[in-house]
Amino acid sequence: MVNRIFFIMILIGLPLSVIGSLMHWSPVIMFIVYCLTIVALAGYMGRATESLAIVAGPRVGGLLNATFGNAVELIISIFALKEGLVTVVLASLTGSVLGNLLLVAGLSFFIGGLKYKRQIFNVFDARHNSGLLIFSVILAFVIPEVFSMEMNDADTFTLSIGISVILILLYLAALFFKLVSHRGIYQHEADKVEEHEEPEWGKWRALIVLLAATVAVGYVSENLVHTFDIVAEKFGWSEIFIGIIIVAIVGNAAEHASAILMAYKNKMNIAVEIAVGSTLQVAMFVAPILVIASLFFDTRMSLVFTMPELISMITAVFLTIAITNDGETNWFEGGTLLAAYIIMGIGFYLL
Amino acid sequence: MVNRIFFIMILIGLPLSVIGSLMHWSPVIMFIVYCLTIVALAGYMGRATESLAIVAGPRVGGLLNATFGNAVELIISIFALKEGLVTVVLASLTGSVLGNLLLVAGLSFFIGGLKYKRQIFNVFDARHNSGLLIFSVILAFVIPEVFSMEMNDADTFTLSIGISVILILLYLAALFFKLVSHRGIYQHEADKVEEHEEPEWGKWRALIVLLAATVAVGYVSENLVHTFDIVAEKFGWSEIFIGIIIVAIVGNAAEHASAILMAYKNKMNIAVEIAVGSTLQVAMFVAPILVIASLFFDTRMSLVFTMPELISMITAVFLTIAITNDGETNWFEGGTLLAAYIIMGIGFYLL
Amino acid sequence: MVNRIFFIMILIGLPLSVIGSLMHWSPVIMFIVYCLTIVALAGYMGRATESLAIVAGPRVGGLLNATFGNAVELIISIFALKEGLVTVVLASLTGSVLGNLLLVAGLSFFIGGLKYKRQIFNVFDARHNSGLLIFSVILAFVIPEVFSMEMNDADTFTLSIGISVILILLYLAALFFKLVSHRGIYQHEADKVEEHEEPEWGKWRALIVLLAATVAVGYVSENLVHTFDIVAEKFGWSEIFIGIIIVAIVGNAAEHASAILMAYKNKMNIAVEIAVGSTLQVAMFVAPILVIASLFFDTRMSLVFTMPELISMITAVFLTIAITNDGETNWFEGGTLLAAYIIMGIGFYLL
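Everything numeric in this text was worked out from a predicted model, so none of it was measured.

Rules used in this analysis
- Residues numbered from 1 in each chain as written.
- Chains lettered and ligands numbered in written order.
- Predicted model: local features only at pLDDT ≥ 70, side-chain atom pairs only at ≥ 80, totals over all residues.
- Heavy atoms only, no water.
- Helix = DSSP H or I, 4+ residues; strand = E, 2+ residues; numbered from the N terminus.
- Rg over C-alpha atoms; globule rule 2.2 N^0.38 Å.
- Buried < 20%, exposed > 50% of the residue type's maximum accessible area, 1.4 Å probe, protein only.
- Contact = heavy atoms within 4.5 Å.
- Areas by Shrake-Rupley, 256 points an atom, 1.4 Å probe, with all protein chains shown as cover.
- Expected span 1.5 Å × (residues − 1).
- Bend = angle between axes of the 7 residues up to and from the residue.
- Least-squares fit on C-alpha atoms with pLDDT ≥ 70 in both.
- Salt bridge = Lys/Arg side-chain N within 4 Å of Asp/Glu carboxyl O.
- Buried area = accessible area lost by both parts, 1.4 Å probe.
- Polar contact = N/O pair within 3.5 Å; in protein donor to acceptor, adjacent residues only side chain to side chain.
- pLDDT = per-residue confidence, 0-100.
- UniProt positions renumbered as here; feature names shortened; annotations may be inferred.
- Axes fitted to C-alpha atoms, helices over the stretch in contact; angles between N-to-C directions.
- Left-handed = near helix turned anticlockwise from the far one by under 90°.
- Nonpolar A, V, L, I, M, F, W, Y, C, P; charged D, E, K, R; others polar.
- Phe/Tyr/Trp six-rings, centres within 6.5 Å; stacked < 30°, edge-to-face > 60°.
- Lys NZ or Arg CZ within 6 Å of the ring centre and 35° of its normal.
- Lys, Arg positive; Asp, Glu negative; His and termini not counted.

Colleague: For this particular structure, what's the right way to read the overall build of chain A?
Modeller: For chain A, the count of helices and strands is 11 helices and 2 strands. Listed N to C, the secondary structure of chain A is α-α-α-α-β-α-α-α-α-α-α-β-α in terms of helices and strands. Against the 2.2 N^0.38 benchmark of 20 Å for 351 residues, chain A shows a C-alpha radius of gyration of 20 Å, consistent with a compact globule. By its C-alpha atoms, chain A is 55 × 50 × 35 Å across when sized along the principal axes. Counting only residues that meet the buried cut, chain A has 60% of its 351 residues in that class. Counting only contacts in chain A whose residues sit at least 6 apart along the sequence, the fraction spanning at least 24 positions is 84%. Total accessible area on chain A stands at roughly 13900 Å², and carbon and sulfur atoms take up 68% of it.

So, in structure tokens, the structure goes:
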């Protein structure tokens, strides 16, 4: 069903995107067309990655998911960075973190909790993730913020590059730890029965879809980025609000849907893995890649968020840890996360 | 015993309050008379609420306790708000949070721990409360603080109203979760034997006592509020110190006593429920009600504490969570909480 | 082996220190000589303390370890304080906290984890320590920082003295709790078999070694402190960097080595006790002693760190708690702590 809708969205959206951008249609309308097209393309990228991951086996598959999982957001951000929109990029990173931790996890726990009184997931993973959330979102983002207050811009950027390299190295180490060195060690026996999955598409078909969708996302993203300033002006939104709410949701919509679906099927390990794992991917892989990529553009991007962005991410991490650390959820815990997301949404809207 | 003392205190204190305020006696003496009278009246309100709660059964009873539990503080604060004493009101909210988390829980754990080596309480409740403490005291109080730095006063107040509405809704959801949807689900079998309690007073007598005591508390509170500035000047205290130490202790004295008594009887579930539950009530119900109530007064109150207030509450929450999260206490953990309270007391005194 | 190297280092380093300081040799060379000599002397002090602790039995022995464990750092800091180098002293306290929590624990977990897949230690101790870390490093260090922003220097110092007294009292209470009131209560049966240890040295020999080494450390430290400004200038380091990296490592080198050795032998209880216990000793005993000692010097030292110092310590504590709170470690958790140490090292170097 969803797949068919996405197919139709691409069939209509992609030509419209090309024509509209050539004919200079109203940016507000094109903004909507671009967003919807990207959502649909992201769905195809996700399915292609999933198929490839199954074909490639658990280790390489895990690596594939870990690198292509946030590809759409990475692509949009790189085009925004090329345009010098550092504020939008940092805001969309923030939006991804908040969206995954509060909106996706919140909806998953809430909707899953309406059906099941108590939902359980692997407590070892939860604790492993807690440590990484504190490392990446709190420690690695707070240090440049505070140190930069007593540094010049060049040193701040040097520090940001250093932190980015360490974040990526630790991200790779975490993959090695999870996929190789300690694979299956922290699983309960019951969880170990890995379901034998059939890939939706064969290797070559998946590769071609992935490649084509990536190119298309790139094309649309470049156009999307150029509509930001006019849309912002038209609706009275700040660049931060566009980054935090719009870009973050567009880039992650497909993923969000599947997390909620998994929670509804009581597969909480997967739902949590999508929500928290995706956050870690943004903080430990997408964000540092963008900092390093900015070396090749005119405007350099330090890892220094605005105070509201940073504090929102920090409090979101503490709330998520308090709620997930016991390996159990219910509808009320989901509601608490959603309430936090709404509070921050109001805050960023009013900024 | 205590009941008889409270009876005598009211018998003497109430007439003195009326006469003293009409005859314009020394505000410092009247300040003491008002405080003691309120402490005694609060004891009666607590007993009346307790009786009504037993008569009404666990669900409505839980709701009654959750709304009338901090009625005295709410009443004092509303009269202070009417006088425009926003600083005192925010300080007394802070004082309630610190007093409950550090002083009441600290004394309970310490005194209970002198008698019992290890005291145990429901670990599910502890974790549930941890999540709510992080949500209400940290997230919901920090966001307006940080965002307001880049907002005008009107937007800050709008944000405060938004957060207040969400806090109250989540508080109601938490009650529904606890009293209806997940009632008894997280209890050990051993705890489930609910003691059949006899109400101290019948329904009507309790209602009349509650009504009369509430009116009396209102009358005395209005007079009490007018003595603040003179007392502050006389003793060289700041308004913040009066709010944090005096109002918070007066408004909660009766409750404090019963928490410590419960710990001494090794009923730790009840002691923790009073200390932490009362904190949540202040943060998720009393504080937002006051923000919304300020719409009807001349001076509007945003949810923006001073930095020392906010940081004290945040560190108190982290310390409480670290200490209670394992569902076990001892005298040393009580001592740690008390040490934290003393440090903050010195700090606010010197401010 | 190590003992023999230390013996030779003292045999050469001590005369060189005396001659060099009398003949006014190059401060940079003497800085290195002093540092190495102190490292070796600290090794002797540690062995003497250990022997005395065994002779004295577990209670007095625990007290001995708790007071002499960070004696070297205390001595260096007192001479630095005498010279008015408050910045260096606060930085070296920060460096000790970061070094113990991130470098020592990180190396221990990493190296131990290369040999063992999962290493386990007492989860009760871990939680007990979590509470104390939050109390001492977060609450007791953040309160003076925030309150001092709205206070004059005299009040800030008064608050610092008050907090210092409370920290020392709570430290003594923690010793009493651990060595007397709750001794052995939180241990698993398996851990209770205390190995019967033979002291390396007899009582008198240990006492003489301890006394002689302490006097020698004092002499060398006084000279060391005078080289700081020239070394800082020569290498372009800030005083903070010297304090955080150099003084902290020199003062704790011997201890660091034994923590890693213990982890390699899978004695994780001891490794964690050294890393975290030493941090608590610095925060709850060394730091407050120095604040109080500054009463007797020209320059008074308040407990107010720089923002980068404070935030580094806070994030280090949160990371350590997230990683140790489950009573289990592996190489990846060690790597995470080391990554955090490197990030902060870069930050302080660039400051």
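Colleague: Just checking my understanding: could you explain helix H2 (residues 27–68) of chain B for this structure?
Modeller: Note: α-helices contain 3.6 residues per turn, so residues at a spacing of three or four share the same orientation. Taking 1.5 Å per residue as the helical rise, H2(B) with its 42 residues ought to reach 62 Å, whereas the 29 Å between its terminal C-alpha atoms falls clearly short. The sharpest bend along H2(B) measures roughly 145° and falls at B:Gly57, with the proline B:Pro58 sitting one to four residues further on.

Colleague: Help me understand the relation of the copies chain A and chain B, please; the structure alone is not making it clear to me.
Modeller: Between chain A and chain B, which share one sequence, the superposing operator has a rotation angle of 120° and an axial displacement of 0.0 Å; the RMSD is 0.0 Å. Taken together, the rotation and translation relating the two chain copies correspond to the operation of a three-fold axis. Within chain A, A:Phe318 has its C-alpha nearest the rotation axis, a separation of 5.9 Å. Take the interface residues of chain A: only 4% of them recur as interface residues in chain B, which is what a contact between different surfaces looks like.

Colleague: Got a minute to help me understand the pattern of salt bridges in this structure?
Modeller: Once their charged atoms are close, side chains differing in charge can pair, the charge on each being opposite to the other. Residue and element names in this part refer to chain C. Scanning all chains against the criterion turns up 12 salt bridges over all chains. The closest approach of N and O atoms between glutamate 200 and arginine 47, which form a salt bridge, is 2.5 Å. Placement of the pair is glutamate 200 in the loop between helix H7 (153–181) and helix H8 (203–235) and arginine 47 in helix H2 (residues 27–56), with a sequence separation of 153 residues. Classification of arginine 47 as buried rests on a relative accessible area of 17%.

Colleague: Teacher, can you tell me more about the interface of chain A and chain B here?
Modeller: How big an interface is tends to be reported as the loss of accessible area on association of its parts. Facing 28 residues of chain A, the contacting portion of chain B comprises 32 residues. For the pair chain A and chain B, the two sides together bury roughly 2800 Å², of which 81% comes from carbon and sulfur. Area buried by chain A at its contact with chain B is led by A:Phe332, A:Ile343 and A:Leu350, which between them contribute 25% of it. Inspection of the region where chain A meets chain B yields 0 salt bridges. Seen at the junction of chain A and chain B, the total is 3 residue pairs in polar contact (both at pLDDT 80 or more).

Colleague: Just to check I follow, could you spell out the interface of chain B and chain C for this structure?
Modeller: Contacts between chain B and chain C engage 28 residues on the former and 32 residues on the latter. Carbon and sulfur atoms supply 81% of the area that chain B and chain C bury against each other, a total of about 2700 Å² over both sides. Run the count over chain B and chain C and you get 0 salt bridges. Where chain B packs against chain C, one counts 3 residue pairs in polar contact (both at pLDDT 80 or more). Counting only elements with at least two residues in the side of chain B that touches chain C, the list comes to helix H11 (307–324) and helix H12 (331–350) of chain B. Considering each element in turn, the side of chain B that touches chain C owes the most residues, 13 residues, to H12(B).

Colleague: Would you take a moment to explain unusual backbone geometry for this structure?
Modeller: Negative phi is the rule for most residues except glycine; trans is the rule for most peptide bonds. One non-glycine residue, A:Asn266, lies in the positive phi region at around 65°. Here A:Asn266 shows up in the loop between helix H8 (239–264) and helix H9 (268–293).

Colleague: Can you walk me through the confidence of the model for chain A in this structure?
Modeller: It should be kept in mind that the predicted coordinates are not to be read in detail where pLDDT is low. Residues and elements named next belong to chain A. Taken over all residues, the pLDDT of chain A has a mean of 89, while the share at 70 or more is 97%. Per-element averaging of pLDDT across chain A places H8 at the bottom with 81 and helix H10 (residues 307–324) at the top with 96. Reported confidences for the modelled complex are a pTM of 0.93 and an ipTM of 0.91.

Colleague: Can you help me understand the UniProt feature "domain: Sodium/calcium exchanger membrane region" (unreviewed entry) in chain A in this one?
Modeller: All names here are of chain A. This chain's UniProt record puts "domain: Sodium/calcium exchanger membrane region" (unreviewed entry) on residues 28–179 and 206–344. Note that residues 28–179 is 89% helix and 1% strand, and that its end C-alpha atoms are spaced 44 Å apart. As a span, residues 206–344 carries 82% helix and 1% strand, and end to end its C-alpha atoms are 38 Å apart.

Colleague: Is there a simple way to explain the packing of helix H2 (residues 27–68) of chain A against helix H6 (residues 153–181) of chain A in this structure?
Modeller: The description of two packed helices rests on the angle between their axes and on the distance between the axes. All names here are of chain A. At a closest axis distance of 10 Å, the pairing of H2 and H6 adopts a crossing angle of 150°. Considering the relative orientation of H2 and H6, their crossing is right-handed. From H2, Pro58, Arg59, Gly62, Leu63 and Ala66 reach across to H6, where they touch Tyr171, Leu175, Leu179 and Val180. Grouping the amino acids of the contact of H2 with H6 by side-chain chemistry returns 7 nonpolar, 1 polar and 1 charged.

Colleague: Could you clarify how one ought to interpret the packing of aromatic side chains in this entry?
Modeller: What characterises a pair of aromatic rings is the spacing of the ring centres plus the angle enclosed by the ring planes. Under the definition given, this model contains 42 aromatic pairs over all chains. On the basis of an interplanar angle of 45° and a centroid distance of 4.9 Å, the ring pair of A:Phe141 and A:Phe305 is categorised as tilted. Placement of the pair is A:Phe141 in helix H5 (residues 123–148) and A:Phe305 in the loop between H9 and H10, with a sequence separation of 164 residues. Ring pairing ties together the aromatic residues A:Phe110, A:Trp331, A:Phe332, B:Phe176 and B:Phe177, which thus form one cluster. Over the ring of A:Tyr264 we find A:Lys115; its NZ or CZ atom is 4.1 Å from the centre of that ring.

Colleague: Teacher, can you tell me more about the side chain of B:Ser181 here?
Modeller: Among the secondary structure elements, B:Ser181 is positioned in helix H6 (residues 153–181). Of the polar contacts made by the side chain of B:Ser181, one reaches the side chain of A:Trp331; its length is 2.9 Å. Dropping the residues within four chain positions of it, B:Ser181 is found in contact with A:Lys117, A:Trp331 and B:Phe176.

Colleague: When you look at H5(A) in this model, what are you seeing that I'm missing?
Modeller: Residue and element names in this part refer to chain A. Taking 1.5 Å per residue as the helical rise, H5 with its 26 residues ought to reach 38 Å, and the 36 Å between its terminal C-alpha atoms agrees with that figure. Taking the largest bend as the criterion, H5 deviates by roughly 25°, centred on phenylalanine 135. Burial analysis of H5 places 22 of its 26 residues in the buried class, the great majority of the element. With a side-chain oxygen positioned 2.8 Å from the backbone nitrogen of phenylalanine 124, the residue opening H5 is asparagine 122.

Colleague: Help me understand the packing of helix H4 (residues 86–115) of chain B against H12(B) in this model?
Modeller: Residues and elements named next belong to chain B. Packing of H4 against H12 brings their axes to within 7 Å, and their N-to-C directions diverge by 145°. By crossing handedness, the relation of H4 to H12 is classed as left-handed. Contacts between H4 and H12 involve Leu98, Gly99, Leu101, Leu102, Leu103, Ala105, Gly106, Leu107, Phe109, Phe110, Gly113 and Leu114 from the former and Trp331, Gly334, Gly335, Leu337, Leu338, Ala340, Tyr341, Met344 and Phe348 from the latter. Looking at the contact of H4 with H12 residue by residue, the class counts come to 16 nonpolar, 5 polar and no charged.

Colleague: Would you take a moment to explain the side chain of A:Glu145 for this structure?
Modeller: Residue and element names in this part refer to chain A. For glutamate 145, the location among the structural elements is in helix H5. No salt bridge is formed by the buried glutamate 145; its nearest oppositely charged neighbour, arginine 300, is found at 19 Å. Excluding its chain neighbours within four sequence positions, the residues that come into contact with glutamate 145 are Val304, Phe305, Thr306, Met307 and Leu310.

Colleague: Is there a simple way to think about the environment of B:Val146 in this case?
Modeller: Mapped onto the fold, B:Val146 is located in helix H5 (residues 123–148). Overall, B:Val146 belongs to the buried group, its relative accessible area being 7%. Along the chain, B:Val146 and B:Val304 lie 158 residues apart, while their C-alpha atoms are 8.9 Å from each other. Discounting residues that sit within four places of it in the chain, B:Val146 has contacts with A:Met307, A:Pro308 and A:Ile311.

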